[in-house]
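What the coordinates show
One letter stands for each residue in the lines below.
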Amino acid sequence: AKVLGKARYEVFNPGMYTNALVRLQLENDLRRAIERHEFQLYYQPIVSITNGRILGFEALLRWQHPERGLICPTDFIPLAEETGLIVKIGYWALHEACRQMQNWRLSDRINSLEKISVNLSVKQFSQPDLIEQIGEILHSTGLDAGSLMLEITESAILENGDEANAALSELRKMGIELSIDDFGTGYSSLGRLHNFPISVLKIDRSFVSPIDGNGKNLEIIETIITLAHKLGMDVTAEGVETKEQLAFLRNLNCECGQGYFFSRPLDNAAAVELILKNPQ
Ligand code: C2E
Ligand code: CA
Ligand code: CA
Ligand code: CA
């Protein structure tokens, strides 16, 4: 929102949600955004740290607002969560990501891409028809379950307890892969999470950024990676921005990286261009 100018910044300052009128207007706009085709997905590559190959893309929502321009998810996801609209928006994103991935799959110039990663919100995660809906999406887009990775935050998993475990096991049985998003920002320990059928741990950017700076955080990130490996998980580091960070992560045998060092999130056309340039 910072780049959108002062007037708009005020509209989307989260503190302004307490302004009932602003909130209502934004909620109204959000409610109609799907039918009006205002959402779009951007794709950010997830790259193998050992060989530089793009293994997958994470699908990230963008809202092209008719008056306000491109709005980033941090400026509308909280409201979408609060109002429950995230469920519908989340399914739209999942469907669109699977459709796009299947399109890429079918184009013979792009066959190296292994996974499409999609974010699943807490609210979506606690829907009783979650499994059915996801099955439906895979069926209608024709994408094989093994190409889909769902990203779930640790709090979503732990808040939902036993039910979460049941849902995750069901998804895993379908062949879908699961990753823990933003790891390190919650209060959970890896020990608690390792009972869940999760194959990838994504370390939050806040642990990756300080790599260039002080030594204290280095021990934390090293511990997380070592422990994840002991528990049989692969690790993806978020927010890789420098070659120093990359070198450090490589030394710790971190499998994958994601961040501006490799690429910003891209629209469909730019994402295709990037894969075609990537060593295959
Ligand atoms: P996230 O899942 O942690 O996604 C990564 C965010 O970090 C993205 O922000 C991405 O653009 C940004 N990022 C990637 N590399 C770098 C880097 O090197 N440096 C910095 N500073 N940032 C980097 P984005 O696209 O604004 O998304 C923000 C959050 O919104 C996501 O965080 C995710 O929690 C949520 N979100 C996005 N799309 C969806 C969706 O379809 N469904 C749900 N439920 N949430 C979504
Ligand atoms: Ca994510
Ligand atoms: Ca994340
Ligand atoms: Ca994050």
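Quick caveat, the model's predicted, so the values are computed rather than measured. (Residues numbered from 1 in each chain as written. Chains lettered and ligands numbered in written order. Predicted model: local features only at pLDDT ≥ 70, side-chain atom pairs only at ≥ 80, totals over all residues. Heavy atoms only, no water.)

Okay, the overall build of the protein next. Per the secondary structure count, the protein includes 12 helices and 9 strands. By the compact-globule yardstick of 19 Å for 280 residues, the protein fits well, its C-alpha radius of gyration being 19 Å. With the principal axes as the frame, the protein shows a C-alpha extent of 50 × 45 × 45 Å. The buried share among the 280 residues of the protein stands at 49%. In the protein, the proportion of contacts linking residues at least 24 apart, taken out of those at least 6 apart, comes to 68%. (Helix = DSSP H or I, 4+ residues; strand = E, 2+ residues; numbered from the N terminus. Rg over C-alpha atoms; globule rule 2.2 N^0.38 Å. Buried < 20%, exposed > 50% of the residue type's maximum accessible area, 1.4 Å probe, protein only. Contact = heavy atoms within 4.5 Å.)

What follows is about the coordination of the calcium ion (ligand 3). With distances of 1.8 to 3.1 Å, the protein atoms coordinating the calcium ion (ligand 3) are D181 (OD), D182 (OD), E238 (OE) and E238 (OE). Sequence positions of the residues that donate to the calcium ion (ligand 3) give the spacing D-D-x55-E. Between the calcium ion (ligand 3) and the calcium ion (ligand 2), the interatomic distance is 3.5 Å, and D181 donates to each metal, bridging them. In this pair, D181 sits in strand β6 (residues 177-183) while E238 sits in the loop between β8 (234-237) and α11 (243-251), placing the two residues 57 residues apart along the sequence. Of the two residues, D181 and E238, neither departs from the other in class, the shared state being buried. (Donors = N, O, S within 2.8 Å, 3.2 Å for Na, K, Ca; no water.)

As a further point, take the coordination of the calcium ion (ligand 2). Every protein donor of the calcium ion (ligand 2) is listed here as E58 (OE), N119 (OD1), E151 (OE), D181 (OD) and D181 (OD), and their distances to the metal cover 2.1 to 3.2 Å. If you look at the calcium ion (ligand 2), its 6 donor atoms make angles of 44 to 175° with each other, and the shape they trace is irregular. Donor residues binding the calcium ion (ligand 2) come from one chain and are separated in sequence as E-x60-N-x31-E-x29-D. (Tetrahedral: all angles 85-135°; square planar, octahedral: opposite > 155°, others 65-115°.)

Bringing the environment of T223 into the picture now. You can see T223 is positioned in helix α10 (residues 216-230). Residue class for T223 comes out partly exposed when judged on its relative accessible area of 48%. Taking the C-alpha atoms as reference points, T223 and H37, 186 residues apart in sequence, are found 44 Å from one another.

With that settled, the discussion passes to the site of ligand 1. Q44, R62, R205, E241 and Y260 are the nearest of the 22 residues found near ligand 1. In this structure, a nitrogen atom belonging to ligand 1 sits 3.0 Å away from a side-chain N or O atom of Q44. Measuring from an oxygen atom of ligand 1, one finds a side-chain N or O atom of R62 at 2.8 Å. Taken by itself ligand 1 offers 800 Å² of open surface, and the protein chains cover 84% of this. (Near = heavy atom within 4 Å. Polar contact = N/O pair within 3.5 Å; in protein donor to acceptor, adjacent residues only side chain to side chain. Areas by Shrake-Rupley, 256 points an atom, 1.4 Å probe, with all protein chains shown as cover.)

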